[in-house]
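Architecture and fold: a report
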Amino acid sequence: MMSENVHIELCKGVNGLDKAILREIRGCSAEVYLNGGQVTSWKNEFREQLLFLSSKATFKPPNAIRGGIQICFPQFGTIGSLEQHGFARNRLWSVDPDPPPFPSNTSHRAFIDLILGHSEEDVKIWPHRYECRLRVALGPGGDLMLTSRIRNTNTDGKSFSFTFAYHTYFSVTDISEVRVEGLETLDYLDNLKNRERFTEQGDALTFESEVDKVYLGAPTKIAILDHERKRTYVLRKDGLPDVVVWNPWDKKAKAMADFGDDDYKHMLCVTAACVEKPVTLKPGEEWKGRLEISAVPSSYCSGQLDPRRALFSG
Ligand code: TA6
């Protein structure tokens, strides 16, 4: 029973919206809003915030909250007939009191299961019945784990296709001192150039202007190095072949009402996604996608960050 779980607290957040707080004994925590099934906070044992949340985030449903981890379903981006990034991030999810068991059950105590199902209103814009489940779990070491399970529950025998993403806003100290390891040499679609396909060259990614790229067939492990804070975020993903990297930079930042003018300096979206090849499910079939993120101290090697330590350990 949820109420007996001391690691989970259901309470009211900003503007009286329902949220769940996950806590681990070492002091790590995460917060999830039922609006959008959106994680808005992830803190380490020192109570340091690891996710970016805009200084102008509005918390006004049905708008998605600017920051944290947005669930993009059944469409990522603008490719498709739906609104940008689909509707799941704009809907009110419910706590799922009795989710189907996970094949490899974990011993995590701090977790919550949410569910979003079709509504009569949404059927008008996406004519399918589905169950979209999300488990958010906090590991004993503070790792944040998101598992999504999407099932086709159509009764008319029809398959459906979708794209999906965990649109994740990481908090970084200074974007110009950030490197991303694991995407070099990959092909990507450049959203700033009509989704033209290019191949990434050279070394790790660094940032000095707007970027909006969809990297295709990315490895299961990616590292984001925050040089200033000597912190490395390590992403591990499963079922999500693509990775979207986005920073709006100064001009686009100013154009977004719910984003501070200088916020772009302190965030980077690195989004595990399934974009290039949509998933197709027949009635009764289920898809599973998983993202695990951890924050570890970066190691130094002759004055240079040594990403291999973070990328290839563990
Ligand atoms: O992740 C890239 C992206 O699709 C960008 O094109 C950018 O617009 C961003 O997501 C934010 O989208 P949003 O609809 O939340 O303003």
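Just above sits the structure.
Residues numbered from 1 in each chain as written. Predicted model: local features only at pLDDT ≥ 70, side-chain atom pairs only at ≥ 80, totals over all residues. Heavy atoms only, no water.

Looking at the side chain of S41
Inspection of the secondary structure assignment puts S41 in strand β4 (residues 38-43). Assessed through its relative accessible area of 6%, S41 is described here as buried. At 2.9 Å, the side chain of S41 forms a polar contact with the side chain of Q49. In this view, S41 contacts S29, A30, E31, Q49 and L51; residues no more than four positions away in its chain are not counted. (Helix = DSSP H or I, 4+ residues; strand = E, 2+ residues; numbered from the N terminus. Buried < 20%, exposed > 50% of the residue type's maximum accessible area, 1.4 Å probe, protein only. Polar contact = N/O pair within 3.5 Å; in protein donor to acceptor, adjacent residues only side chain to side chain. Contact = heavy atoms within 4.5 Å.)

Describing the pairing of strand β18 (residues 267-281)
The buried fraction of β18 is high, at 11 of 15 residues. For strand β10 (residues 160-171) and β18, the ladder comprises 9 bridges, and the chain directions are antiparallel. Looking at β18, one finds that A165 is bridged to A273. Bridge count between strand β17 (residues 242-247) and β18: 5 bridges; the pairing is antiparallel. Paired with D242 across the strands is A273, a residue of β18. (Pairing = 2+ DSSP bridges.)

Observations concerning the packing of aromatic side chains
If you walk through the whole model with that rule in mind, you get 20 aromatic pairs. Feature note: the residues F73, F87, W126, Y130, F160, F162, F164, Y166 and W287 constitute an aromatic cluster, connected by ring pairs. Between the NZ or CZ atom of R135 and the centre of the ring of F111, over which it lies, the distance is 4.1 Å. (Phe/Tyr/Trp six-rings, centres within 6.5 Å; stacked < 30°, edge-to-face > 60°. Lys NZ or Arg CZ within 6 Å of the ring centre and 35° of its normal.)

Some thoughts on the pairing of strand β3 (residues 29-33)
Extensive coverage of β3 is indicated by the burial of 5 of its 5 residues. Residues S29, E31 and Y33 point to one face of β3 and A30 and V32 to the other, with burial holding for every one of them. Sheet topology note: the strand β2 (residues 18-23)/β3 ladder contains 5 bridges and is antiparallel. Note on β3: the bridge partner recorded for A20 is V32. Between β2 and β3, which pair antiparallel in sequence order, lie 5 residues; one of them, G27, sits at a positive phi of approximately 110 degrees. Examined bridge by bridge, β3 and β4 share 5 bridges and lie antiparallel to one another. Bridging from a neighbouring strand, A30 pairs with W42 of β4. Between β3 and the antiparallel strand that follows it, β4, lie 4 residues; G36 among them carries a positive phi value of about 80 degrees.

Looking at the pattern of salt bridges
Between side chains of opposite charge, a pair can form as their charged atoms come close. One pass over the structure, following the stated rule, counts 18 salt bridges. Notably, a salt bridge pairs R66 with D258, separated by 3.0 Å at the nearest N-O pair. On the criterion of sequence distance, the pair formed by R66 in the loop between β4 and β5 (69-72) and D258 in the loop between α2 (249-255) and β18 is long-range, its members being 192 residues apart. A relative accessible area of 17% means that R66 is categorised as buried. A salt bridge links D113 to R135; the shortest N-O distance between them is 2.9 Å. Pair noted here: D113 is in strand β7 (residues 110-117) and R135 is in strand β8 (residues 130-138), with a separation of 22 residues, a long-range link. (Salt bridge = Lys/Arg side-chain N within 4 Å of Asp/Glu carboxyl O.)

Comments concerning the site of the ligand
All residues in the neighbourhood of the ligand are listed as R66, F76, Q84, H85, R89, H167, D212, V244 and W246. Between the ligand and the protein, one listed contact pairs an oxygen atom with a side-chain N or O atom of H85 at 3.0 Å. In isolation the ligand exposes 390 Å². Once the protein is present, 82% of that is buried. Here the shell around the ligand is composed, by residue class, of 3 nonpolar, 3 polar and 3 charged. (Near = heavy atom within 4 Å. Areas by Shrake-Rupley, 256 points an atom, 1.4 Å probe, with all protein chains shown as cover. Nonpolar A, V, L, I, M, F, W, Y, C, P; charged D, E, K, R; others polar.)

Section: the side chain of S54
For S54, the position within the fold is in the loop between β4 and β5. By relative accessible area, which is 6% here, S54 ends up buried. Reaching out from S54, the side chain makes a polar contact with the backbone oxygen of D258 at a distance of 2.6 Å. Those residues in contact with S54 that sit more than four places away from it in its chain are R66, D258, F259, G260 and D263.

Considering the state of the cysteines
Disulfides are covalent bonds that connect the sulfur atoms of two cysteines. For the structure shown, the criterion picks out 0 disulfides. Its sulfur unpaired, C72 is 9.4 Å from the next cysteine sulfur, which belongs to C269. (Disulfide = S-S within 2.5 Å.)

Description of the nonpolar core
In summary, soluble globular proteins display a tendency toward joint burial of nonpolar side chains. Counting residues in each nonpolar core, the largest one holds 74 residues, and the members touching the most others are L22, F73, L144, F162, L183 and F207. No other element matches the 8 residues that β18 contributes to this core. Setting aside residues no more than four positions away along its own chain, L144 makes contact with A30, V39, W42, I69, V136, A137, L138, L291, E292 and I293. (Core = buried A, V, L, I, M, F, W, Y, C linked by side-chain atoms within 4.5 Å.)

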